[in-house]
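Close look at the chain arrangement
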Amino acid sequence: MTTWRARHDEAVRKQAAALKAYQDATDERALALIDGVEELGSQAAVARELGVKTPSVNQAIRAYQKKTE
């Protein structure tokens with residue numbers, strides 16, 4: 001049987017891994033959107049292609065650009 005401390009530490013490790021995976025996926029999405037803008041010519045065109053609103057595309061790209069500055 002594991003102790004509460006061991007279970008806690010394992011849960012913290014899992015949370016950290018999940019957060020890292022989420023952050024990596026967010027960056028990959030932003031890079032894909034940037035490529036889409038280059039290919040289609042605008043954020044609005046990318047949004048139409050994906051069936052989402054333009055501000056969500058803009059927000060994802062800006063958040064990535066701010067993070068990498």
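See the structure shown above.
Residues numbered from 1 in each chain as written. Predicted model: local features only at pLDDT ≥ 70, side-chain atom pairs only at ≥ 80, totals over all residues. Heavy atoms only, no water.

Some words on the overall build of the chain
Scanning the chain from N- to C-terminus turns up 3 helices and 0 strands. Counting from the amino terminus, helix and strand elements in the chain follow one another as α-α-α. Taken against the 2.2 N^0.38 rule, which gives 11 Å for 69 residues, the C-alpha radius of gyration of the chain at 18 Å runs more than 25% over that of a compact globule. Partitioning the intrachain contacts of the chain with sequence separation of at least 6 by distance along the chain shows that 48% fall at a separation of at least 24. For the chain, the exposed surface amounts to about 5,600 Å²; the carbon and sulfur share of it is 56%. Computed over 11 positive and 10 negative side-chain charges, the separation of the two mean positions in the chain equals 10 Å. (Helix = DSSP H or I, 4+ residues; strand = E, 2+ residues; numbered from the N terminus. Rg over C-alpha atoms; globule rule 2.2 N^0.38 Å. Contact = heavy atoms within 4.5 Å. Areas by Shrake-Rupley, 256 points an atom, 1.4 Å probe, with all protein chains shown as cover. Lys, Arg positive; Asp, Glu negative; His and termini not counted. Charge placed at Lys NZ, Arg CZ, Asp CG, Glu CD.)

A short note on the pattern of salt bridges
Under the definition given, this model contains 4 salt bridges. A salt bridge links R13 to E10, with the nearest nitrogen and oxygen atoms 2.6 Å apart. Placement of both R13 and E10 in helix α1 (residues 4-40) is noted, with a separation of 3 residues, approximately one turn of the helix. Of the residues examined, R13 reaches a relative accessible area of 47% and is grouped as partly exposed. (Salt bridge = Lys/Arg side-chain N within 4 Å of Asp/Glu carboxyl O. Buried < 20%, exposed > 50% of the residue type's maximum accessible area, 1.4 Å probe, protein only.)

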